Amino acid sequence: QVQLVESGGGLVQAGGSLRLSCAASGRSFSTYSMGWFRQPPGKEREFVAGMTWSGDRILYAESVKGRFTISMDNAKNTVDLRMNSLKPEDTAVFYCAAGPGAPTPISSGYRYWGQGTQVTVSS
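Computed from a prediction, not measured in an experiment: that's the story for all the values here.

**What to know about the nonpolar core**
The biggest cluster of nonpolar side chains holds 33 residues, and the ones touching the most others in it are M34, W36, L81, M83 and F94. Elements supplying a minimum of two residues to this core: β3 (18-25), β4 (32-39), β5 (46-52), β7 (68-73), β8 (78-83), β9 (92-100) and β11 (117-122). Take this core: its biggest share by element is 5 residues, from β9.

Here it is, written out as structure tokens:
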């Protein structure tokens, strides 16, 4: 059974940093891409970042470029999202996702999803 389990969310002041982690299990993800999405309060889910396990393709949403970094730990089967210079508008539930092929900003391109972790940025 495939499982994606996010951790690391919480409350942080504007300008602060958080690191989210997603532990993936239940199958081989070597041919998959991993992605992070978020859903702000009252809004649609949106793409944040994605990458292949090999690291040869990485995508970021324009709104997080230069502030967020996605990375993989192949040995631990985890994908992290390092978030710096956080803003109140980054407040959202963050989801980890896994899908076959190249990373995509389209949510339907991901087959497996985690339950989400709340990130709240106070002003």
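**Describing the packing of aromatic side chains**
Tallied over the entire structure, the rule returns 7 aromatic pairs. The interplanar angle of 75° and the centroid separation of 5.5 Å between the aromatic rings of F37 and F47 together place this pair among those described as edge-to-face. A residue pair is termed long-range when its members are at least 10 positions apart, and F37 in strand β4 and F47 in strand β5 qualify at 10 residues. Of the residues examined, F47 reaches a relative accessible area of 12% and is grouped as buried. Centre to centre, the rings of F37 and Y110 are 5.2 Å apart; their planes meet at 80°, and the pair counts as edge-to-face. Of this pair, F37 sits in strand β4 while Y110 sits in the loop between β9 and β10 (112-113), and the two are 73 residues apart along the sequence. A residue is classified by how much of its surface remains accessible, and F37, at 1% relative accessible area, is buried. Residue Y110 is classed as buried on the basis of its relative accessible area, which comes to 6%. Here a set of aromatic residues connected by ring pairs shows up, and it is made of F29, Y32, W53 and Y112. The ring of W113 carries the charged tip of R45 above its face, separated from the ring centre by 4.6 Å.

Analysis parameters
- Residues numbered from 1 in each chain as written.
- Predicted model: local features only at pLDDT ≥ 70, side-chain atom pairs only at ≥ 80, totals over all residues.
- Heavy atoms only, no water.
- Core = buried A, V, L, I, M, F, W, Y, C linked by side-chain atoms within 4.5 Å.
- Buried < 20%, exposed > 50% of the residue type's maximum accessible area, 1.4 Å probe, protein only.
- Helix = DSSP H or I, 4+ residues; strand = E, 2+ residues; numbered from the N terminus.
- Phe/Tyr/Trp six-rings, centres within 6.5 Å; stacked < 30°, edge-to-face > 60°.
- Lys NZ or Arg CZ within 6 Å of the ring centre and 35° of its normal.

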